[in-house]
Structures are given as structure tokens and as C-alpha cells.
Amino acid sequence: MGDDCWENFKQRFTISRCEDGGDTREVNHGARRGGDSVATDYLKGIGSNLNITKLTSWGRKDHPDVEIVDIEEIPEDWDISSEVLADDECYRITLTIIRANNLIAMDTNGMSDPFVEVIFGRNIHLKTKTINKNCNPVWNEKFTLYIDDRSALANLHVFDYDFLGSNDRIGYLDLDLASIPPFQRLTVTQNLGSSVEGEDNVGTLTFSYLVEIVKTSNAHDIKSIGTKGQEKLLGIIQVTVIEGIDLPPMNSDGSCDPFIRISLGSQQYDTRTIPSTLNPKWRENFEFRYLSTSGNTLQVSLWDQEPGLSDNIIGDTEIDLTKIAPNKPFKYIFGLDHTNTKVSLLIKVLKFAELGAAELQLQREINDAESRILHQQFALQNTLRDMGNVGYLIVKLIRATNIPNKGLGTVDPFVVIEIENCRSVTPVRDNNLEPEWNLTYRYPIHDYHSVLYLSLWDEEDLVSNVLLGRIAIPLFNCHGLKRYILKDPKLEAVGKGELVVETATFYNPVRAAVRTFTPKEEIILKDPPKFDISLLQRDVKRITAQVEMLQDAGEGLDNIIRWRSKPTSFISMIFFVVVVYYLEIWMVPLALGVVLLWSLLYRKYGRGEWESYRMKVANKPYYLRTGRGEGESDLDESSMSITQRFEYMYNLARTGQFTLDMVASVAEKLKNVFQWKNPFATGLLAILMILASFLLYFIPIRYIILAWGINKFRKFGFDPNLIDNFEVEDFLSRIPSDPELEELKEPTRRMKQAQDRLLQYPIQQNLI
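None of the values given here were measured: they were computed from a predicted structure. (Residues numbered from 1 in each chain as written. Predicted model: local features only at pLDDT ≥ 70, side-chain atom pairs only at ≥ 80, totals over all residues. Heavy atoms only, no water.)

Participant: So what about the overall build of the protein? Which residues, and what values?
Facilitator: Each helix and strand counted, the protein has 16 helices and 28 strands in total. The buried share of the protein, reckoned over its 768 residues, is 40%. At a minimum sequence separation of 6, the contacts of the protein that also span at least 24 residues come to 65%. Working note: accessible area of the protein is about 45100 Å², and carbon and sulfur atoms make up 57% of it. (Helix = DSSP H or I, 4+ residues; strand = E, 2+ residues; numbered from the N terminus. Buried < 20%, exposed > 50% of the residue type's maximum accessible area, 1.4 Å probe, protein only. Contact = heavy atoms within 4.5 Å. Areas by Shrake-Rupley, 256 points an atom, 1.4 Å probe, with all protein chains shown as cover.)

Below is the structure:
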């Protein structure tokens, strides 16, 4: 090691005694004469007091692969946060790629053609030579680099070289330069993180590295891979422009052609222009890089577009980002003075400072260091620190496969990632049926019940982009590497293409439980539903199915009460008596909890039976399970004539009308009870309620229920053909609904006179 390295080490080496008083002594030898021996003797003399393990020239006894360069002691509690470079100093990184072992075979000949690519920051890419047909290659290639900051990660990727097509990545490693004490050369063998789907063990990589502090006068071509002297990425600002209300007219026809312009520092985006409207709905999402040099002010302005002329500004506002709570949605509404104009936006400040990373790069892997930090952040002991921050989602989009060729033209795929009100768009891969991104996106989670949506699109120049396929992934299923087969845009049938995605979810279960019982966040980016005949058909069937399910349940109870199966009815009566007699209120939630636990155990240990039930019953609509609607198929408008369409719509509307009338009638009858629309029935109910209160005061309710139930079983046991009655339903049948009240209303003399005038002057009435 050179003299400059040794001098820098000695000037920084501070040792604190563990004795009482804790005085601090520093080795600082300005003169070179005797410096080495004095520093070494000093370290040896106080080593026992500091509980520092004695180091040999080739490392500790319990760590034989660690080489100590030219010194004999290194503090065990070294931390990069206490390390500050002088203006005339830099780092020298020496990285040696030694060998790889047991690499997975990527070629058909059972071998691989491996090489290693080393990435420092964004701009420095180093590559070893390719060793053909070898799963245990030996490189022994050394790379030396001078840098001014080592807070960023170094990424080591092992690839299999392909003469035709893109190279296949076998595995990867992350090397955290900030965690390495200086002046130690470490030789490490680590398992590679797998980039091959379905394979966990893809081989190992052996390499050595050394970090030294040297004078810049002894360095050449110093690179900046960290953040020293550069702008820092503090986070991501996601802005969703929702809508405008009552905009002022700017055109001669009383309309406006509005668009919104948003800027942060040098970054600027415009929404699309919505022509001829005073109430535009944009629902567009924009993403800004929150840089240390971009300031803390988000500027938003409302414009009216003038084709061929200068656009007119209608109003503007400034938003202080420091006043917005990080990682939480913030709805911002601004208006114009003395008007009713309002423009609403949704802003999320996604900060990553809590991860301890000075700059978060999209190319970073889901690494162990970050996982440990996130596990600690959302640990149970830290629950009360930030109750609104439920969790954290990391999505690594690797590649897309099986994209069909459309024949004419090229396929230019890109992916849209959506969760809650966050939306990210990947770069477009031009003319590529097997695109690779290898990009990592990070999102704070406010609701553990959220759903991650991945959409694969084909970019078009002259027409709208084409949605090839989508997939919806519940957050509790976001873990690990998986290949997803995409569904169609409606998420019903199989779509086009597949996505290979790695996800990791970190969350606090207590915060997630509390958030479950709070209002759900409104999804602003979701398009409002449009009328669709097939959806109307589905919804009418759903309502009808629920009504029929209640009817079937009533029929089942009726069969028990009428003793159609005497053993079943007898057992049911005994069960009813026992339950009502011994039931306490605290037993109700306990019974529900036991039922839920039983269903969980049944799913887990009765897998075959559960899968059979799920396929035959749980995933099959009720109206098809019961035979009602059998033979009906989904709507196929293309094969229907005009007469068939009319008849179909008529039957559909009639079914919907009947169902809606029944639901509305029950609600109206309950309302009319309290409005004394049937005075006798309402008065009778009032008297019965007073009598019931006296009975309940003197007689426990369980005995009243027992008497009512036993009477039901008794009377149908003696006379199975007795007409059943449900007292509440029978009572409501005597109460008129609103349409029935209109029918019962008698015409008055004034109504008669108005009708006569209408018949006498029909033309004038029509003109009016």
C-alpha cells in the first residue's frame, strides 16, 4: 500500500477507551520517521483494553478470507457516517473478479458462455472477457476505479453470452461499498441471486475488493457515482390532475379549451386539452423526480389553448411540498378569486429517505440490506411511530414474453403499473416481442387490501395505444418471482402476452388491521363505468340470484318446520331449543370465529375436497348452480337479429323491473308505516310494541323466542298442510307502497276542473 493510504489511515484512526471516563486518544504522526512502528506499537499496547481481536497479516482466525493491508488492527465499530473526505482526497476501489462455480447451464449443449458485468452508479460499466462452454469459469480480472463517493451500490451481473439475440442474465449480486471498512481486502464467495425463473440455485461468484483513501494527486480519471457534488434524488412526486369545475368561458361561444401545466424545477408536463367544455375531467397522472436541486415548490397553472396563437393563462397556484405529509395522498383544490372555478389534484410525495439511500436508482435489485431496513421499519415494536404508513411494495418488472406478432407493423411494448392512486409507466421497447426492462419500482402502501394492476400496452403513432393484456394481483399475493399470464382488458378471459415480475411486500399487521376499518381511499385514476348491455345482463342476474337464494333458504326452513323429513325436523327442533336456552351474547362472535377458523383448516388440510367445492360451487354463479337460467349463454350481439335483440332487452328489462320494484316496495312500506298511511295497521303496531315492552320487562326474551319456535314446530307437526305465515311479511303486505298510494288517492274537485280545462283547450295546452 502506498504512503498516501497509510498517512490517511493514521490521521483518521481514533480509538475510544472502554474504561471509566472514556477518554479518547488519537494516533496522529506528522513525521514519517518511525510512524509505522509507533502506530503499530500503540495499537498493540491498548488492544486488550479496547477488546479488539488480534489480527494477523492475513486476517482473523475466524475469518481467514479477510486480508488486512499493511496494518495490524481495525476498529470493530467502524461506521462510514464518521468518515469525511478532504478536498484533495478520493477513493480507490480495487475489484477482482476471480471465478464462478456451478453456474446453471443456459445453452442446449449443457454449458454456458459466462461473463461478468460490473455496474457502478449509472455511467460506469465494466465487463470481463467471455469464457465459452464453461460452468466453472476462472477470470482473475482486476478493475481499479477512482471515485469521489461510495454511497451507491455496485451491481455484479453474470450473463450467458448469446451470439444471436440478447444475452441471458444468470444471476446477480449487490455490493454495498458504503458498508466496507477501508484498507481491508476481502475475498468473498456468495450465492448469486437467481434471474432464471423456476431456479433458486444458479451458482456462486468469488471476488475480492479493497477500498482505499488516496490523494487526488495520485489518482486519475476520478468518477462521480454517488451524490457528492451532484443532485440527490429525494423521492418521487406523483401528481394526478382530476377535474375542473365551472371554468370561466374564454371562447366566443361561451366555452373553453382547458389544459393544466405542472412544473417542478426544470421538469414540466402538460395535460391533454379538452375542447369546448367548462367542466373538464382529465384524470391524468404525472411523475416528477424530487431532486435536491429542483426546489420545494410545485407550480400548477390553468390554460386555455388558442390554436395558432399564444395560449391564455386563466390562473395559477404554487404548492409547498414541504407541507405535504410524505407517502400519503393529499387532495389539493385551488380556485380563482371571485369565481366558482375549482381545479382538483391528488398529490403524493413518495420519499425514500427512510431507506437510508442517498439516491434510489431504478436499476437496484431487491437486496438484503433494503429488506432488513424495511422489516425493521414495519416491525411490531415500531407500530405506533407512523400508523398511517401501512407498508411498502417493491415491484421489479423483468421482462415480457409470448407477445403475438400483429403481422403488419411492429410491436412496441410498454407496461403500466398501478396501485391505489400511484401509476408508473415503463420505457417503450421498440419493435420487440421479448422486451426486457429489469426496472424496480417502489410504492408506499396505505391499505393492505389494495390491488396491484399490471397492463401491457402496444404503442401506436397514429391511433390510440392498444391494450394487450392486464393482470390484477392482490397485495397479499405479491411475493417472489412469478410469470403472470395476462387476461383481457375486462379481466375475464385470457389476453395476450405474459409478464415476469418479482414483488416483495413489507407491512405492519397492526396498522393494516386498523386501516381495514377506516374509509377506503377513492381511486381517482379509475375511469367511470360506462353503459354496457352485457354488464347490465350480468348485474340483473346477480340481483335475481340473491333474491332466489333467500327464497331457497326460506323453502329449506319451511321443509324443516313442516316435518317433511321427520328426523331432520326433530334434530332441528332440539338444536333450536338448546341453542336459544343456553345462548349468551358473547357466544355469537365466538361462533363466527370458530366457523372462520374451521373454513381455514378445511382449505389447508382438506385441499382436494376444497378444490372440488371451489370448482363446482364457489366459483359458479348461483343461477347456474340451481339450474335457473340453464341454457342461457353470455350475450353475443353479433349473432342476434334486431327482433332477437329487442326481445332480449325486453325480457332483461322486465326482470330488472320486477327485482327493483320488489326492493323499492319494501323500503317504501317501511317508510309508510311511520307516516300512518294505513292508520289501523300502524296503530295496531304501536299497541303491540307497548305490550311487547311489558312482556320483555317481565319475561326474558329467550323464553319468548322458545315459545314462538316450539309453536311453529307444533302446529305444522299436527297439520303439515297448514298455510305458513311470516308475521313481519304478512304485516308489511298490508302497508301500501308509493305507487299503490297514488292508485288509492281520490280525485278532488280541483283536479276535475284542471282536467276539464285541459280537454277544452288542448291546442293551447300543447303550445304551452
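Having seen the structure, we can now continue with the description.
Participant: Can you lay out helix 4 (residues 509-516) for me, pointing to particular residues and giving the numbers?
Facilitator: Listed as buried for helix 4 are Arg511, Ala512 and Arg515. Buried residues along helix 4 cover an arc of 100 degrees about the axis, so they all sit on one side. Capping the start of helix 4, Asn508 holds a side-chain oxygen 3.0 Å from the backbone nitrogen of Val510, two or three residues further along. (Arc of directions from axis to C-beta. Polar contact = N/O pair within 3.5 Å; in protein donor to acceptor, adjacent residues only side chain to side chain.)

Participant: Just give me the short version of the side chain of Ser450, but keep the residues and values in it.
Facilitator: With respect to the helices and strands, the residue Ser450 is situated in the loop between strand 24 (436-445) and strand 25 (451-458). Judged by its relative accessible area of 9%, Ser450 falls in the buried class. Among the polar contacts listed, one links the side chain of Ser450 to the backbone oxygen of Asp447, at a separation of 2.8 Å.

Participant: Can you break down unusual backbone geometry residue by residue, with the values?
Facilitator: The backbone of Arg283 sits at a positive phi, close to 50 degrees, despite the residue not being glycine. Within the fold, Arg283 resides in strand 16 (residues 281-291). Not every positive phi belongs to a glycine, and Glu420 is a case in point at roughly 50 degrees. Positionally, Glu420 belongs in the loop between strand 22 (413-419) and strand 23 (422-425).

Participant: Any chance you could break down the nonpolar core for me, citing the residues and the numbers?
Facilitator: Core analysis: the biggest nonpolar cluster contains 35 residues, and Leu95, Ile97, Phe120, Leu156, Leu175, Leu205 and Phe207 have the highest contact counts within it. Those elements that place two or more of their residues in this core are strand 4 (89-101), strand 5 (114-120), strand 7 (138-147), strand 8 (153-160), strand 9 (168-176), strand 10 (184-191) and strand 12 (204-215). Counting 32 residues, the second-largest nonpolar core is a separate cluster that includes Ile403, Ile417, Tyr443 and Leu486. (Core = buried A, V, L, I, M, F, W, Y, C linked by side-chain atoms within 4.5 Å.)

Participant: Explain the sheet that holds strand 17 (residues 297-304) to me, using residue names and the numbers behind them.
Facilitator: The strands making up a sheet associate through backbone hydrogen bonding, with each pair oriented either parallel or antiparallel. Sheet architecture is open: four strands sit in the order 15-14-17-18, paired in antiparallel fashion. Because the sheet does not close on itself, it has two edges, and the strands there are strand 15 (267-270) and strand 18 (312-320). If you compare each strand with its neighbour and ignore which way they point, the axes differ by 15 degrees on average. In terms of strand pairing, strand 14 (residues 258-264) meets strand 15 through four bridges, oriented antiparallel. Within strand 15, the residue paired with Leu264 across the bridge is Gln267. (Pairing = 2+ DSSP bridges. Axes fitted to C-alpha atoms, helices over the stretch in contact; angles between N-to-C directions.)

Participant: Tell me about the pairing of strand 12, residues and numbers included.
Facilitator: For strand 12, a buried count of eleven out of twelve residues is recorded, marking the element as mostly surrounded by other parts of the structure. Sheet topology note: the strand 4/strand 12 ladder contains twelve bridges and is antiparallel. When the sheet's bridge partners are listed, Cys90 is paired in strand 12 with Val214. As paired strands, strand 10 and strand 12 are joined by seven bridges and run antiparallel to one another. Bridged to Val188 within strand 12 is Phe207.

Participant: An account of the side chain of Asn421 is needed here, citing residue identities and associated values.
Facilitator: In this fold, Asn421 is placed in the loop between strand 22 and strand 23. A polar contact of 2.7 Å, which involves the side chain of Asn421, links it to the side chain of Glu521.

Participant: I'd like a rundown of the pattern of salt bridges, residues and numbers included.
Facilitator: Counted by the stated rule, this structure contains twelve salt bridges. A salt bridge links Lys129 to Glu141, with the shortest nitrogen-to-oxygen separation between them at 3.6 Å. With Lys129 in the loop between strand 6 (124-127) and strand 7 and Glu141 in strand 7, this residue pair connects regions lying twelve residues apart in the sequence. As a salt-bridge pair, Glu418 and Arg423 come within 2.8 Å of each other at their nearest N and O atoms. Given the relative accessible area of 15%, Glu418 is considered buried. (Salt bridge = Lys/Arg side-chain N within 4 Å of Asp/Glu carboxyl O.)

Participant: I'd love a proper account of the packing of aromatic side chains, names of residues and values included.
Facilitator: Within this structure, the stated rule accounts for 13 aromatic pairs. An angle of 85 degrees between the planes, with centres 6.2 Å apart, marks the rings of Trp563 and Phe713 as edge-to-face. Of this pair, Trp563 sits in the loop between helix 5 (533-561) and helix 6 (566-582) while Phe713 sits in helix 12 (residues 701-718), and the two are 150 residues apart along the sequence. A relative accessible area of 8% places Phe713 in the buried class. Taken together, the aromatic side chains of Tyr269, Phe286 and Phe288 make up a single cluster linked through ring pairs. Above the face of the Trp303 ring, Arg261 is positioned so that its terminal group lies 4.9 Å from the ring centre. (Phe/Tyr/Trp six-rings, centres within 6.5 Å; stacked < 30°, edge-to-face > 60°. Lys NZ or Arg CZ within 6 Å of the ring centre and 35° of its normal.)

Participant: Any chance you could break down helix 6 for me, citing the residues and the numbers?
Facilitator: For helix 6, built from 17 residues, the straight-helix expectation of 24 Å at 1.5 Å per residue is met to within 8% by its first-to-last C-alpha distance of 24 Å. Buried within helix 6 we find Ser569, Met573 and Val580. Buried residues of helix 6, seen end-on, are gathered within an arc of 50 degrees and therefore sit on one face of the element. Among the exposed residues of helix 6, those pointing more than 90 degrees away from its buried face are Pro567, Ile571, Phe575 and Tyr582. (Expected span 1.5 Å × (residues − 1).)

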